[in-house]
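Each chain, letter by letter, is given below.
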Amino acid sequence: MSYQRFPVPERLRGVVEHVWMVESAPLAEVRREILIPNGRPGLAIALAEPGTRHDPVTGAEWVNAASVFGVMTRPHVLGQVGTSSYVGVEFTPWGLAAFGLPALVDDVLELGDWAGAAAAGLVGELRAVPFGAERAERLAGFLAAWLTGADVPPVVVAAVRAIDELRGRVAVAEVVRRCGTSYSTLYRLFRRSVGIGPKQYAEIIRYYDFVGGLLGGPADAAATLSALHGYYDQAHAARDFKRYTGVSATTFLAVQNGIAALMHGRSVQDG
């Protein structure tokens, strides 16, 4: 599997974190991967055979063809067979508003429902250029044309940065203090811009970091991380790990989690 990230032009900074691409050799059988919440909405476009995206909590399933995905509060399972080739972006937590879109949560918006006929043209244009920087530039250029100029409240940006820097291990009261505002104001603006409250966002970031450490850690990583993340016992950590990944820590490590691992900078096959 090949996975690569690309920076975005100045105009998109602050609303799009990066463009990404992933390709793999043809798959004879369905491969399933767990995609954990990371507090960011995203866009994914299939340039070969589209897979599926499954919500294990509701049972809903979508064809993973060309869609904008909101902030996830629970894991999704990606299914893929045949030739896999995707390109997409990761927005900032508040980034959808800059494109005139609502703050989606656990929801999917087909690209065609947003961009209309331009969506099909974009897919064709991206298929015409090879994996690499030029493809990333084409997608970034498309998104730049849809910018509305909407501004996010600075207090929301400050709160997200505080939570991200502390990897979610911070009380909302401390975030409020750092931002110099009130809880009610922060909650109202954060929920309007991101779609969820700051406490839930911190929980998501905390366990995204938890899973990243587990993927890169030693055999006893579950016990180690439960201590590092302030848990009073391993069972508590294990319960919340399952809440945010949909499986136990042991099962998670036994599954092919190529994309989830690569997003943390290493592959589970690296040993």
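As the structure is a computational prediction, the values presented were derived from the model and not from experiment.

With that settled, consider the overall build of the protein chain. Counting secondary structure elements, the protein chain contains 11 helices and eight strands. The buried share of the protein chain, reckoned over its 271 residues, is 51%. Across the protein chain, every contact between residues at least 6 apart in sequence was considered, and the portion connecting residues at least 24 apart equals 72%. For the protein chain, the exposed area adds up to about 12,200 Å²; of that, 53% sits on carbon and sulfur atoms.

With their axes 9 Å apart at the nearest point, helix 4 (residues 154-165) and helix 6 (residues 183-194) run at an angle of 85 degrees to one another. It follows that helix 4 is roughly perpendicular to helix 6 by the angle criterion. Seen from helix 4, the contacting residues are Val155, Val156, Ala159 and Val160; seen from helix 6, they are Leu186, Leu189, Phe190, Ser193 and Val194.

Looking along a regular strand, one sees the side chains alternate between the two faces of the sheet. Sheet topology places strand 1 (residues 2-6) next to strand 2 (residues 16-35); five bridges connect them, and they run antiparallel. Looking at strand 2, one finds that Tyr3 is bridged to Val22. Pairing between strand 2 and strand 7 (residues 76-91): 14 bridges, direction antiparallel. Bridging from a neighbouring strand, Val19 pairs with Val89 of strand 7.

When we look at burial in helix 2 (residues 118-127), the residues that qualify are Ala119, Leu122, Val123 and Leu126. Each buried residue of helix 2 sits inside an arc of 100 degrees when the element is viewed along its axis, so together they form one side. Where helix 2 is buried, its residues contact strand 3 (42-46), strand 7, helix 1 (111-115) and helix 3 (133-144).

In this model, Asp106 sits at a positive phi of 50 degrees, which is unusual for a non-glycine residue. Take Asp106: its relative accessible area is 15%, and that puts it in the buried class.

When the charged atoms of two side chains with opposite charge come close together, those side chains can pair. All told, the structure shown has 13 salt bridges when counted by the stated rule. Of the charged contacts in the structure, one is a salt bridge between Glu33 and Arg31, with a shortest N-O distance of 2.9 Å. For the residue pair Glu33 and Arg31, the accessibility class agrees, reading buried in each case. Ionic pairing is found between Arg74 and Asp55, a salt bridge with its closest N-O pair at 2.7 Å. Of this pair, Arg74 sits in the loop between strand 6 (66-69) and strand 7 while Asp55 is found in the loop between strand 4 (51-54) and strand 5 (61-64), placing the two residues 19 residues apart along the sequence. No difference in accessibility class separates Arg74 from Asp55, as the two residues are buried. Here the salt bridges share partners, and the residues they tie into one network are Glu17, Arg40 and Asp164.

What follows concerns the environment of Val30. Inspection of the secondary structure puts Val30 in strand 2. A relative accessible area of 46% means that Val30 is categorised as partly exposed. Among residues more than four places away in sequence, those in contact with Val30 are Gly79, Gln80 and Val81.

This next bit is on the confidence of the model for the protein chain. Per-chain confidence: the protein chain averages 85 in pLDDT, with 81% of residues scoring 70 or above. Ignoring residues within four places in sequence, the model shows residues 256-271, a span with pLDDT below 50, making 33 contacts including any to other chains.

Let us now look at the packing of aromatic side chains. Under the definition given, this model contains six aromatic pairs. Ring plane angle 80 degrees and centroid distance 6.1 Å describe the contact between Phe99 and Trp114, whose orientation is recorded as edge-to-face. Here Phe99 is found in the loop between strand 7 and strand 8 (108-110), whereas its partner Trp114 is found in helix 1, with 15 residues between them in sequence. For the pair shown, Phe99 and Trp114 are each scored as buried. Through successive ring pairs, a cluster of aromatic residues spans Phe91, Phe99, Trp114, Phe142 and Trp146.

The rules we used
- Residues numbered from 1 in each chain as written.
- Predicted model: local features only at pLDDT ≥ 70, side-chain atom pairs only at ≥ 80, totals over all residues.
- Heavy atoms only, no water.
- Helix = DSSP H or I, 4+ residues; strand = E, 2+ residues; numbered from the N terminus.
- Buried < 20%, exposed > 50% of the residue type's maximum accessible area, 1.4 Å probe, protein only.
- Contact = heavy atoms within 4.5 Å.
- Areas by Shrake-Rupley, 256 points an atom, 1.4 Å probe, with all protein chains shown as cover.
- Axes fitted to C-alpha atoms, helices over the stretch in contact; angles between N-to-C directions.
- Parallel < 35°, antiparallel > 145°, perpendicular 65-115°, else oblique.
- Pairing = 2+ DSSP bridges.
- Arc of directions from axis to C-beta.
- Salt bridge = Lys/Arg side-chain N within 4 Å of Asp/Glu carboxyl O.
- pLDDT = per-residue confidence, 0-100.
- Phe/Tyr/Trp six-rings, centres within 6.5 Å; stacked < 30°, edge-to-face > 60°.

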